[in-house]
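# Coordinate inspection notes
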Amino acid sequence: MPDNRLSNSTIIAAYRERTPRSAELAKEAQALLPSGISHDGRFTDPYGIYVERAAGPRKWDVDGNEYVDYYGGHGALLLGHNHPRVLAAMQAALAQGTHFGANHPNEVRWAELVTRLVPSAERVRFTSSGTEATLMALRLARAFTGKPKILRFFTHFHGWHDHMTAGHASHFDGTPTTGVLAEIAANAVLLPPGDVAALRAALAQHDDIAAAILEPTGSSFGAVPHRRDFVEALREETAKRGILLVFDEVVTGFRVSPGGAQGEFGVTPDLTALAKILAGGLPGGAVCGRKDILDELDFAVAAMKGREKIAHPGTYNANPVSAAAGRAALEIVGASDACRQANARAAELRARLNEVLAEERVPWAVYGSFSGFHTFLNPQGRAIAPEGFDPLGLDWRELISGSKPLAQKFRLALLVNGVDVNGRLSGFLSATHGTAELDATVAAFRAALAMLRAEGELPRA
Ligand SMILES: Cc1ncc(COP(=O)(O)O)c(C=O)c1O
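Residues numbered from 1 in each chain as written. Predicted model: local features only at pLDDT ≥ 70, side-chain atom pairs only at ≥ 80, totals over all residues.

Moving on, we come to the site of the ligand. Close contacts around the ligand come from 14 residues, with Ser 129, Gly 130, Thr 131, Gly 159 and Val 250 the closest. Top element by residues in the shell around the ligand is helix H6 (residues 130-145). It accounts for three residues. Its residues assigned to classes, the shell around the ligand comprises four nonpolar, eight polar and two charged. (Near = placed C-beta within 6 Å. Helix = DSSP H or I, 4+ residues; strand = E, 2+ residues; numbered from the N terminus. Nonpolar A, V, L, I, M, F, W, Y, C, P; charged D, E, K, R; others polar.)

Right under this line is the structure:
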């Protein structure tokens with residue numbers, strides 16, 4: 001049944017008005033791609049923008065509209081779009097060939113940078129994506145410990161492979177999501193995030209856990225945050241029991257700090273999954289960690305121990321162009337204050353957006369940590385002061401709930417006003433987001449709230 005809130009919306013009408021060429025492409029795409037898209041996160045009702053070009057913190061759609069970009073390549077672009085040094089490295093690599101079917105010098109330099117920056121990285125194995133990195137991390141953990149189960153936390157995302165689907169956005173009871181075998185889903189021990197008592201109880205109950213995996217600053221880059229001491233407790237409890245600790249630093253790696261969340265927190269996991277910034281905005285991932293664990297991939301060590309190694313091919317592992325981009329990006333991250341700059345800009349943006357909410361008397365909040373921000377739409381109508389909002393005081397269910405039509409309208413209203421955030425009204429800042437982008441975002445945020453208010457979606461100010 002059509003939702004009147006959406007079909008009669010002047011926001012949606014304004015969006016359609018501004019984006020006719022995107023609408024045409026979306027119509028064509030519907031006949032070619034399921035839902036017309038290539039990543040679930042890009043699903044937008046009525047349709048998403050089609051982007052033609054990007055530079056630094058901005059991008060332009062096929063209708064010529066300019067946006068301040070907070071999608072940030074799904075988090076991959078700490079240095080912004082087309083950083084000149086990363087671009088030059090990619091162009092030089094392209095000119096030399098895109099695939100040698102052989103080892104190449106840049107993969108060695110790239111791995112060296114990873115081991116220099118990431119505290120847990122004694123050895124590195126490159127993959128083509130973050131999903132592959134967490135898949136290999138779990139396989140390594142099972143091979144190393146001889147145990148089957150994986151401890152995971154509700155809402156934490158680790159890619160889309162079979163071990164990771166239940167309990168991320170649905171199936172919090174651990175039942176398998178569509179297309180996944182029940183036997184695989186049954187090997188996850190799913191726990192509420194940030195709950196040390198639940199963690200200790202689960203560990204007392206299960207002696208067959210190979211590894212615990214988490215997003216170290218909380219799920220979706222802190223949309224559901226946990227306290228830092230939860231990570232410390234997890235490290236302590238897993239170490240006591242010989243359970244491997246895996247940090248999924250696909251987002252936080254080289255972003256929170258040059259050494260990722262582990263560098264920032266001073267907590268060293270046994271294994272780390274990396275992607276995104278790792279490959280400078282191109283496809284690429286890696287699992288890194290303790291040598292004795294990564295040795296499960298080593299021909300000589302396996303032969304010496306008389307055991308079967310873990311097989312790991314992958315056509316695009318350490319692809320030369322990704323390696324060149326990744327090497328350039330990590331050199332910049334390691335030698336500059338890019339992480340700190342992005343973190344500081346994000347803190348400033350969160351504060352300024354909360355000021356707008358307070359001024360406009362909207363009982364929402366913008367929160368987050370490091371270079372991220374999230375918008376809390378306050379589905380239960382709590383009395384909150386935006387600036388003082390503490391997400392740690394709320395249950396994870398409340399943080400991920402909220403009116404989808406309201407969020408959708410707000411997102412489209414932001415797009416109409418030249419700002420692109422993701423479907424959860426969250427965003428990533430890069431080191432290229434400056435005062436001009438923040439000013440434009442604050443103005444767009446205020447204008448988008450006015451559009452919502454005009455449609456009766458917000459209380460009168
Ligand atoms: C924390 C986290 N882990 C893993 C992944 C999966 O990475 P990829 O999309 O490269 O497969 C993502 C992707 O967004 C992620 O955010």
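What follows continues from the structure just given.
Another aspect to go through is the nonpolar core. Counting residues in each nonpolar core, the largest one holds 123 residues, and the members touching the most others are Ala 137 and Val 246. Counting only domains with at least three residues in this core, you end up with domain 1 (4-80 + 338-454) and domain 2 (84-335). Beyond its immediate chain neighbours, meaning those up to four positions away, Ala 137 contacts Ile 213, Val 246, Leu 271, Ala 273 and Val 287. (Core = buried A, V, L, I, M, F, W, Y, C linked by C-beta atoms within 7 Å. Buried ≥ 20, exposed ≤ 12 C-beta atoms within 10 Å, placed from the backbone. Domains from an automatic or database assignment. Contact = placed C-beta atoms within 7 Å.)

Two elements in contact, helix H15 (residues 338-359) and helix H18 (residues 435-454), have axes whose closest approach is 10 Å; the angle formed by their N-to-C orientations is 30 degrees. In terms of axis orientation, H15 runs roughly parallel to H18. Of the two elements, H15 crosses H18, and the hand of that crossing is right-handed. Residues Arg 345, Glu 348, Leu 349, Arg 352, Leu 353 and Val 356 of H15 lie in contact with H18, whose contacting residues are Leu 438, Thr 441, Val 442, Phe 445 and Arg 446. (Axes fitted to C-alpha atoms, helices over the stretch in contact; angles between N-to-C directions. Parallel < 35°, antiparallel > 145°, perpendicular 65-115°, else oblique. Left-handed = near helix turned anticlockwise from the far one by under 90°.)

Quick look at the packing of helix H17 (residues 404-416) against H18 now. Contact geometry for H17 and H18: axes closest at 8 Å, N-to-C directions at 130 degrees. The angle between H17 and H18 places the two elements in the oblique class. In terms of crossing hand, the pair formed by H17 and H18 is right-handed. Touching Lys 409, Phe 410, Ala 413 and Leu 414 of H17 are Ala 444, Ala 448, Met 451 and Leu 452, all from H18. Tallied by class, residues from the contact of H17 with H18 come to seven nonpolar, no polar and one charged.

This part is about the pairing of strand E9 (residues 271-275). Across the five residues of E9, five count as buried, placing the element largely inside the fold. Where strand E8 (residues 244-248) lies against E9, three bridges are found, and the strand directions are parallel. Each residue of the ladder has a partner; that of Phe 247, found in E9, is Thr 272. For the handedness criterion, the β-α-β arrangement of E8, helix H11 (residues 260-265) and E9 is classed as right-handed. The pairing of E9 with strand E10 (residues 285-289) spans five bridges and is antiparallel. (Pairing = 2+ DSSP bridges. Right-handed = clockwise from strand over helix to strand, strands pointing away.)

A common way to state how big an interface is: give the accessible area lost once the parts meet. Taken as a whole, the protein chain is organised into domain 1 (4-80 + 338-454) and domain 2 (84-335). Here the C-alpha centroids of domain 1 and domain 2 sit 28 Å apart. Taken together, the contact between domain 1 and domain 2 spans 22 residues of the former and 25 residues of the latter. Of all elements in the fold, only H15, strand E12 (372-376) and helix H16 (396-400) reach the threshold of two or more residues within the side of domain 1 that touches domain 2. Sorting elements by how many residues they give to the side of domain 1 that touches domain 2 places H16 first, with three residues. Of the residues that constitute the side of domain 1 that touches domain 2, the class distribution is 12 nonpolar, nine polar and one charged.

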